[in-house]
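Survey of secondary and tertiary structure
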Amino acid sequence: MTDFFDREPKAQTANVRESFVGKSLTEAQCDIAMGVAGIIDRHIQKTGSFREPLTDYAHAFARSEKFDAMKGETIIRDVYAERYGRTMNATREALLENEKNLPEQAHDQALHSARQTLEAISSGDTEPFYKAYDREGSALAKTLSITESAAKSQMTESYRSVEGRELYETGKALEEKYHRPRMEALHQTRADTRSRTVTRA
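What comes next is a walk through the structure. The shown structure was predicted, so the numbers you read here are calculated from the model rather than taken from an experiment.

It is worth spelling out the overall build of the protein at this point. The number of helices and strands found in the protein is 10 helices and zero strands. Counted from the first residue to the last, the protein has its helices and strands arranged as α-α-α-α-α-α-α-α-α-α. The C-alpha atoms of the protein give 22 Å as radius of gyration, which overshoots the globular expectation for 201 residues (17 Å, by more than 25%). Taking all 201 residues of the protein together, 40% fall into the buried category. Pairs at least 24 apart in sequence give 65% of the contacts found in the protein among residues at least 6 apart. Carbon and sulfur atoms make up 49% of the accessible area of the protein, which amounts to about 11800 Å² in all. Charged side chains of the protein number 30 positive and 33 negative; the gap between the two group centres comes to 5 Å.

Laid out in C-alpha cells, this is it:
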C-alpha cells in the first residue's frame, strides 16, 4: 500500500524556486502557486478529486497576472509536482488504488474510529457529530492511506454491519443528549457574565 499522507512536501521552498518552473516566476507568483498547490493537495486527500478546485484557483490566480487561466493551471500543476514529487493525478490514483486493496484489519480500524467518534460526542468536553466524525475520518484516512471520504464510508459501513444502526443517526442523538445541553449551559454562563459586567459598568 502506497503511503501518500506524508504532509511534508518533498521539496522545500528553495527547491521549488530553483526548479524550471520556479525560475520563471516572481517571488509572489511562486508563493501563490505553492499555496494553491497545497490547497489542491488537501482537496485530493479529502475527496480524491481536484479538477474543479484546480480550475477555480487557476482562474483566480490568472486574474491578477499577465497570463490566462490555462497558463495558470499549468504553473500550479508544475509547482505541485515539484513540491510533492508526483503529479496531482498520481496522488489521486494512488489513494483510489489503496481503497481497492485495504488491509484485513481495515474493518476493525474503521469500527474503532466510529466508536471513538461517538465517545467524543458523549464524554469529556463533548463535540458535535460533524467535528468528531471529521477528525476520526481524517485520522483513519492517514492510517490507511486513502481519501477521507473513503475512510468515513468505511466507518459508516463497519458500524452499521456490527451495530445494526446508522452512525450518523446515533451520533446526532448523542449530540442532542450530551453536547447540546453542555453548550447551552456554557452560552448561558457567558450571557450571565456579560450581564453582570454591564451592570457593574
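We are not done yet, so read on.
Using the criterion set out here, one finds four aromatic pairs in the structure. Judged by centre distance (4.7 Å) and plane angle (40 degrees), the rings of Tyr80 and Tyr84 are tilted. Taken together, the residues Tyr80 and Tyr84, both in helix H5 (residues 69-84) and four residues apart, mark about one turn of the helix. For the pair Phe129 and Tyr133, a centre-to-centre distance of 4.9 Å together with 20 degrees between the ring planes defines the contact as stacked. You can see Phe129 and its partner Tyr133 sitting in helix H8 (residues 129-144), four residues apart, about one turn around the helix. The exposure classification of Phe129 matches that of Tyr133, with both residues buried. What links up through ring pairs into an aromatic cluster is the set Phe129, Tyr133 and Tyr168.

If you trace the backbone, Ser123 turns up in the loop between helix H7 (106-122) and H8. Given the relative accessible area of 29%, Ser123 is considered partly exposed. Residues Ser123 and His179, 56 residues apart in the sequence, show an inter-C-alpha distance of 8.6 Å. In terms of polar contacts, Ser123 uses its side chain to reach the backbone carbonyl oxygen of Glu119, at 2.7 Å.

The subject of this paragraph is the packing of helix H4 (residues 51-63) against H5. Close contact between H4 and H5 brings their axes to 8 Å; oriented N to C, the two are set at 115 degrees. Crossing hand, H4 versus H5: right-handed. Contact residues: H4 offers Arg51, Leu54, Thr55, Tyr57, Ala58, His59, Phe61 and Ala62, while H5 offers Ala69, Gly72, Glu73, Ile75, Ile76 and Arg77. Its residues assigned to classes, the contact of H4 with H5 comprises eight nonpolar, three polar and three charged.

This part is about H7. In this model H7 runs 25 Å from its N-terminal to its C-terminal C-alpha over 17 residues, within 8% of the 24 Å that 1.5 Å per residue would give. After H7 finishes, the residue Gly124 shows a positive phi value of roughly 65 degrees.

Let's shift gears to the pattern of salt bridges. Taken as a whole, this structure holds 13 salt bridges when the rule is applied. Between Asp125 and Arg182 there is a salt bridge whose closest N-O contact spans 3.9 Å. Taken together, the residues Asp125 in the loop between H7 and H8 and Arg182 in helix H10 (residues 167-200) connect sequence positions 57 residues apart. Given the relative accessible area of 59%, Asp125 is considered exposed. Arg182 gets classed as partly exposed once you look at its relative accessible area, which sits at 28%. For Glu175, the salt bridge identified is with Lys172, shortest N-O distance 3.4 Å. Of this pair, Glu175 and Lys172 both sit in helix H10, three residues apart, roughly one helical turn.

What counts, and where the lines are drawn
- Residue numbers here run from 1 along each chain, matching the order of that chain's written sequence.
- Residues qualify for local features only when their pLDDT is at least 70, as the model is predicted, and side-chain atom pairs are given and counted only at 80 or more; totals for whole chains, interfaces and linings, by contrast, use all residues.
- To get the side-chain values, all heavy atoms of the structure are used, and hydrogens and water are removed first.
- The helix and strand labels rest on DSSP assignments: H or I over at least four residues marks a helix, E over at least two residues marks a strand, and numbering proceeds from the N terminus.
- All radius of gyration figures rest on C-alpha atoms, and the globule criterion is 2.2 Å times the number of residues raised to 0.38.
- Here the term buried applies to any residue with accessible area under 20% of the maximum for its type, exposed to any over 50%, and partly exposed to those in between, with areas from a 1.4 Å probe on protein chains only.
- Whether two residues touch is decided by their heavy atoms; if any such pair falls within 4.5 Å, the residues are in contact.
- The accessible surface values rely on the Shrake-Rupley method and a 1.4 Å probe; as for residues, cover is taken only from the protein chains in view.
- The charge count treats Lys and Arg as positive and Asp and Glu as negative. His and the chain ends do not count.
- A charged residue contributes its charge at one atom only: NZ of Lys, CZ of Arg, CG of Asp or CD of Glu.
- Any pair of Phe, Tyr and Trp rings, taking the six-membered ring for Trp, is counted once the centres come within 6.5 Å. Such a pair is stacked with planes under 30 degrees apart, edge-to-face with planes over 60 apart, and tilted for the rest.
- Nitrogen and oxygen atoms within 3.5 Å of one another constitute a polar contact, given that in protein one can donate a hydrogen and the other can accept it, and given that sequence-neighbouring residues count only through two side-chain atoms.
- All axes here are fitted lines through C-alpha atoms, helices being fitted over the stretch that makes contact, and every angle between N-to-C directions spans 0 to 180 degrees.
- Two helices cross in a left-handed way if the nearer one is turned anticlockwise from the farther one by less than a right angle. They cross in a right-handed way if the turn is clockwise.
- Residues are sorted three ways: Asp, Glu, Lys and Arg are charged, Ala, Val, Leu, Ile, Met, Phe, Trp, Tyr, Cys and Pro are nonpolar, and all the rest, Gly among them, are polar.
- Each residue after the first adds 1.5 Å to the expected span of a helix.
- Salt bridges are identified by distance alone: a Lys or Arg side-chain nitrogen within 4 Å of an Asp or Glu carboxyl oxygen.

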